[in-house]
Structures are given as structure tokens and as C-alpha cells.
Amino acid sequence: MMRNAGIALIAGFLVGSARPSAAEPAPPAMQQLTREVFKQLVEINTTESSGDTFAAAKAMGDRLLAAGFPRADVQVFQSAPRRGNLIARLHGTGKRKPLLLVAHIDVVEAKREDWTTDPFKFIEKDG
């Protein structure tokens, strides 16, 4: 279950930068990578009361570095205990205008008693 659009944006940035064309269907390996990124982010509690956005920022920063982004283009910041942000730069060719993508990785409170399943457990239902 996806908790917010920020997760989708981060996952899209992580895996979309490797795709040759948005018009081409994603190959199975790309679909699997997308699922892995979603799962990893969903399972990191990023709520304000008990979550850790710094952990999520580090996890996504590590993925970008592993994917070949230069260390200078991936910066993870800790603004307070359990609070962090990620800034990453994907260089273009200069043929088009630059694009800035902004997302948040924190989510609203997700109390276990309000859910039929664990809100921080990735569960795929009905495809």
C-alpha cells in the first residue's frame, strides 16, 4: 500500500533515471526494482511522532549511489534527530530546460489500531 505521492516520486526518480524512454514498457527487472524501492520506503516509519525521515533519506541516497550517481550529486542531510532530507542531482544533456522535482518523505500518523494491517508492512493485494 502506498502512503503518499512522495514515495512514488522518489521511486520514479530512482528507477526512471535508468529507463531509456518513458514510452517503452518497463522490463520485468525494472518492475522488480520499482517494487523493491516502494517496499523499502513503505517499511520505513517516517511519521512525525516515532518515525525517522533521516533513515529514509539515507536509504534512498544509498540506492542512488549504488546506481552510479556521483557522491557529489547525492547529499543526505540530518536536520535534527530522526529528521533528514535527500537532495540528488541527475544531470541532463542541456538540450531541454532543467526540471526540479520536490517531494516529502514524511507521512501522517499511522496508528496500528486504525489499520487492518500493519501500516509499515508492504502488502500487495489484487495485483
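All values reported here derive from a predicted model rather than from experimental measurement. (Residues numbered from 1 in each chain as written. Predicted model: local features only at pLDDT ≥ 70, side-chain atom pairs only at ≥ 80, totals over all residues. Heavy atoms only, no water.)

K.L.:
I'd like a description of the overall build of the protein chain, backed by residues and values.
P.N.:
Within the protein chain one finds 3 helices and 2 strands. Each helix (α) and strand (β) of the protein chain, taken in turn from the N terminus, gives the series α-α-α-β-β. Within the protein chain, the fraction of its 127 residues that count as buried is 29%. Considering only contacts within the protein chain whose residues lie at least 6 apart along the sequence, 61% involve residues at least 24 apart. (Helix = DSSP H or I, 4+ residues; strand = E, 2+ residues; numbered from the N terminus. Buried < 20%, exposed > 50% of the residue type's maximum accessible area, 1.4 Å probe, protein only. Contact = heavy atoms within 4.5 Å.)

K.L.:
Please set out the pattern of salt bridges residue by residue, giving values where relevant.
P.N.:
Scanning all chains against the criterion turns up 4 salt bridges. Two residues, R35 and E124, come together in a salt bridge whose shortest N-O distance is 2.8 Å. Here R35 is found in helix 2 (residues 28-42), whereas its partner E124 is found in the segment after strand 2 (83-88), with 89 residues between them in sequence. Using a relative accessible area of 46% as the deciding quantity, one classes E124 as partly exposed. Between K39 and E43 there is a salt bridge, and its shortest N-O distance comes to 2.9 Å. (Salt bridge = Lys/Arg side-chain N within 4 Å of Asp/Glu carboxyl O.)

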